[in-house]
Amino acid sequence: MTRREFIRVLAAATVAGFVLDRRAAGADALYDPPKFGNVSLLHFTDCHAQLRPVYFREPSVNLGVGAAANRPPHLVGERLLRYFGIAPGTREAHALTHLDFAKAAAVYGRVGGFAHLATLVKRLRAGRPGALLLDAGDTWQGSATALWTRGQDMVDAAGALGVDVMTGHWEFTHGAARVREIVEGDLKGRLDFVAHNVKTLDFGDPVFAPYALREVNGVAVAVIGQAFPYTPIANPRYLVPDWTFGIQEEHLQKTIDDARRRGARAVVLLSHNGTDVDLKLAGRVRGLDAILGGHTHDGLPRPIVVKRGGSSTLVTNAGSSGKFLAVLDLDVRRGGVAGVRYRLLPVFADLLAADAEMDALITRLRAPWEARLAEPLAVTEGLLYRRGNFNGPWDEVLLDALMTVKGAQIALSPGFRWGGTLLPGQTITMEDVMSQTALTYPQTTLTDMTGEALKTLLEDVCDNLFNPDPYYQQGGDMVRVGGLTYACDPSARAGRRISDLRLGGTPLDAGRTYRVAGWAPVSQEARAAGGEPIWDVVARYLRDRKQLPPLRPNVPALRGITGNGGPAS
């Protein structure tokens with residue numbers, strides 16, 4: 001697509017955005033965007049196995065560094081609304097921000113849920129014949145039932161939803177053998193699992209098809225898969241011991257060129273890189289019309305246009321937890337994509353009736369586990385959420401449980417971005433705990449660490465988050481810390497971002513040893529040690545308390561961020 005065409009696209013997308021409260025109330029105004037062009041792509045990502053509707057609070061801290069500062073996706077709250085021209089106090093504002101979350105959530109209700117998503121997909125496909133449904137990954141993990149069925153419940157639900165093409169990340173934490181079993185069995189002939197950047201370690205052979213070439217209304221469309229590049233680093237290597245990943249720019253370019261040679265008139269990348277990586281990648285390869293991204297859970301109400309020479313690429317991301325469905329309509333001519341319209345539709349469960357067939361399937365899939373899932377553990381008096389660069393109240397629950405049950409001075413918890421939100425007054429059930437902890441390496445650990453080792457660990461994770469080069473980021477949030485306070489300067493050089501570490505107000509001694517509890521170890525040795533699963537630790541902690549008071553997140557003192565649009569004002 002030429003630069004002039006993309007300028008027209010951007011202007012149209014700016015006007016379009018959401019069509020919620022500004023134009024009309026109700027589902028008809030929101031969920032019937034005008035049809036455009038001859039190819040439609042429906043895109044969701046990072047649902048993390050949430051089959052039922054949830055609450056999900058967007059971050060109040062999402063810091064960007066270097067070139068990423070003060071631009072999407074690193075804007076939150078009022079700054080995000082101003083940037084995209086969104087009116088405060090609307091459904092749209094609630095969907096995209098953390099503002100007045102508990103109050104707004106009580107008004108607008110839960111989001112997502114596959115039965116409601118199915119209704120929306122069918123509604124859109126009715127007016128867009130041949131529309132492809134694309135899943136950017138993190139679908140088979142994130143719930144108790146996905147863990148206990150080894151992803152089978154989500155495989156069945158995605159099949160019923162009508163997903164055409166997907167790529168992966170947390171899918172691989174079920175292990176290479178299980179992934180192959182699903183791809184070569186359940187998905188064969190029904191759904192294309194694509195990942196150009198996953199190869200065998202020995203000979204570099206492709207593990208999956210690099211792309212799917214589909215014909216939509218007479219137009220050849222290529223959907224290239226980009227699995228999470230850092231899977232063997234961010235997750236246990238032993239789960240995929242014979243596969244390599246990586247960004248693989250050169251191979252991606254060859255894949256794009258191959259798809260074009262085979263007649264593709266539109267080429268999109270279904271990516272699990274994260275938005276910042278996608279933005280850099282879009283400027284370094286040619287021939288991509290759009291990147292439909294995932295991993296970093298960024299709800300982008302309009303695309304970001306990346307220009308390279310005389311052409312441009314649209315970069316999008318469709319949030320998480322089933323909260324959004326993106327609609328990318330393309331007008332594809334003989335010479336390629338001539339025009340685009342884009343919508344990011346929030347999936348409000350109170351505006352979309354549950355699809356009866358999907359609802360029945362979900363009920364059947366969950367039936368064996370309902371009693372266990374519904375076990376009440378405690379009542380929360382405050383809002384519980386996790387999403388954000390640093391600790392949230394849900395993290396405090398996990399950290400306090402680890403320190404209390406394990407008798408540790410300090411606790412560490414991974415900076416995962418998945419897991420639902422609970423409103424004040426809600427009962428915390430076993431299902432809620434599992435939504436924060438359900439993974440295939442849940443072992444808890446208790447180790448001795450020196451003050452120096454603790455600082456080094458924090459520095460390493462901080463560099464993964466705030467390295468100014470997106471290719472050195474891994475897309476998660478900062479490790480959560482309990483018992484320990486510290487200061488953080490995201491803009492400082494590697495090794496100098498963390499300072500003023502204190503335990504109980506006393507400076508941490510670099511040479512002293514401290515008792516540290518944690519969970520989700522990536523080493524095979526830790527797995528073999530067989531520590532108690534984190535959900536059992538947290539459940540026992542909550543059962544003993546019955547009532548959970550409002551929790552104040554242990555957020556570091558932030559330095560060097562004056563003028564940064566990433567923290568809420």
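Everything below is about the structure shown above.
In this text the structure is predicted, and so the values were computed from the model without any measurement. (Residues numbered from 1 in each chain as written. Predicted model: local features only at pLDDT ≥ 70, side-chain atom pairs only at ≥ 80, totals over all residues. Heavy atoms only, no water.)

Student: Quick one: what's the story with the side chain of Gln 474, residue by residue and with numbers?
Tutor: If you trace the backbone, Gln 474 turns up in the loop between helix H17 (451-466) and strand S19 (480-482). Residue Gln 474 is classed as buried on the basis of its relative accessible area of 18%. Dropping the residues within four chain positions of it, Gln 474 is found in contact with Phe 228, Tyr 230, Ile 233, Ala 234, His 295 and Asn 464. (Helix = DSSP H or I, 4+ residues; strand = E, 2+ residues; numbered from the N terminus. Buried < 20%, exposed > 50% of the residue type's maximum accessible area, 1.4 Å probe, protein only. Contact = heavy atoms within 4.5 Å.)

Student: Tell me what's going on with the packing of helix H15 (residues 393-406) against helix H19 (residues 534-545), and back it up with residues and numbers.
Tutor: Contact pair H15 / H19: the axes reach a minimum separation of 9 Å and the direction vectors enclose 85°. One finds that H15 runs roughly perpendicular with respect to H19. Residues Val 397, Leu 398, Asp 400, Ala 401, Leu 402, Thr 404, Val 405 and Lys 406 of H15 form the contact with H19, whose participating residues are Ile 534, Val 537, Val 538, Arg 540, Tyr 541, Leu 542 and Arg 545. Looking at side-chain class alone, the contact of H15 with H19 contains 10 nonpolar, 1 polar and 4 charged residues. (Axes fitted to C-alpha atoms, helices over the stretch in contact; angles between N-to-C directions. Parallel < 35°, antiparallel > 145°, perpendicular 65-115°, else oblique. Nonpolar A, V, L, I, M, F, W, Y, C, P; charged D, E, K, R; others polar.)

Student: Describe in detail the sheet that holds strand S21 (residues 498-503), supporting the description with residues and values.
Tutor: The 4 strands are arranged S22-S21-S20-S25 in an open sheet whose pairing can be described as mixed. Where the open sheet ends on each side, the last strands, each with one partner, are strand S22 (506-507) and strand S25 (557-558). One ladder, built from 4 bridges, connects strand S20 (residues 484-488) with S21; its direction is antiparallel. By the bridge assignment for S21, Leu 484 is matched with Leu 503. Along the sheet, H17 makes contact with S20 and S21, crossing S21 at roughly 135°. (Pairing = 2+ DSSP bridges.)

Student: So, the pattern of salt bridges: which residues are in play, and what are the values?
Tutor: The tally for this structure, following the rule as stated, stands at 32 salt bridges. Lys 323 is the partner of Glu 58 in a salt bridge, and the nearest nitrogen-oxygen pair spans 2.9 Å. Remark: Lys 323 occurs in the loop between strand S12 (311-317) and strand S13 (324-333) and Glu 58 occurs in the loop between strand S1 (39-44) and helix H3 (77-84); sequence separation between them is 265 residues. One exposure class covers both Glu 58 and Lys 323, and it is buried. (Salt bridge = Lys/Arg side-chain N within 4 Å of Asp/Glu carboxyl O.)

Student: With reference to specific residues and values, describe the pairing of strand S15 (residues 376-380).
Tutor: Pairing of S15 with strand S17 (residues 427-429), which is carried by 3 bridges, proceeds in the antiparallel orientation. When the sheet's bridge partners are listed, Ala 378 is paired in S17 with Ile 428. Sheet topology places S15 next to strand S24 (residues 547-548); 2 bridges connect them, and they run parallel. Among the inter-strand pairings, Val 379 is bridged to a residue of S24, identified as Gln 547.

Student: Describe the pairing of strand S9 (residues 266-271), with residues and values.
Tutor: A large share of S9 lies buried, amounting to 6 of its 6 residues. Side chains Ala 266, Val 268 and Leu 270 of S9 all project onto a buried face; the interleaved residues Val 267, Leu 269 and Ser 271 project onto the opposite face, where all are buried too. For strand S7 (residues 219-226) and S9, the ladder comprises 6 bridges, and the chain directions are parallel. When the sheet's bridge partners are listed, Ile 224 is paired in S9 with Leu 269. Across 3 bridges, S9 lies against strand S10 (residues 290-293) in parallel orientation. Opposite Val 268, over in S10, you have Ala 290 as the bridge partner. Note on the crossover from S9 through helix H12 (residues 275-282) to S10: the handedness is right-handed. (Right-handed = clockwise from strand over helix to strand, strands pointing away.)

Student: Tell me what's going on with the nonpolar core, and back it up with residues and numbers.
Tutor: Of all hydrophobic cores here, the largest spans 93 residues; its most connected members are Phe 114, Leu 161, Phe 208, Trp 243 and Leu 325. In this structure Trp 243 touches Phe 172, Ala 176, Val 179, Arg 180, Val 198, Lys 199, Leu 201, Val 207, Phe 208 and Arg 237, once residues within four positions along its chain are discounted. By size, the runner-up hydrophobic cluster in this structure holds 39 residues, among which are Ala 144, Val 433, Ala 517 and Ala 520. (Core = buried A, V, L, I, M, F, W, Y, C linked by side-chain atoms within 4.5 Å.)

Student: Outline the sheet that holds strand S18 (residues 444-450), listing residues and values.
Tutor: Read across the open sheet, the 4 strands follow the order S18-S23-S16-S19; overall the sheet is mixed. Each edge of the open sheet is held by one strand with a lone partner, namely S18 and S19. Going from strand to strand, the sheet's axes swing by 25° on average, the running direction of each strand aside. For S18 and strand S23 (residues 513-519), the ladder comprises 7 bridges, and the chain directions are antiparallel. Within S23, the residue paired with Thr 444 across the bridge is Trp 519. Most of the contacts of H17 go to S18, to which it runs at about 115°, and overall it touches strand S16 (410-413), S18, S19 and S23.

Student: A description of the environment of Arg 334 should follow, citing residues and the corresponding values.
Tutor: Summarising the element assignment, Arg 334 is placed in the loop between S13 and strand S14 (336-346). Owing to a relative accessible area of 80%, Arg 334 belongs among the exposed residues under this scheme. Residues Arg 334 and Arg 265 lie 69 residues apart in sequence; the distance between their C-alpha atoms is 7.2 Å.

Student: Could you give an account of unusual backbone geometry, with specific residues and numbers?
Tutor: At the junction of Pro 72 and Pro 73, the peptide bond is cis and its omega measures out at 10° in the coordinates. Residue position: Pro 73 is located in the loop between S1 and H3. In this structure, Arg 150 takes a positive phi of about 55° despite not being glycine. Following the sequence through the fold, Arg 150 ends up in the loop between helix H7 (144-148) and helix H8 (152-161). Phi at Asn 217 is positive, roughly 50°, even though this residue is not glycine. Position of Asn 217 relative to the elements: it lies in the loop between strand S6 (211-216) and S7. The class for Asn 217 is partly exposed, based on a relative accessible area of 47%.

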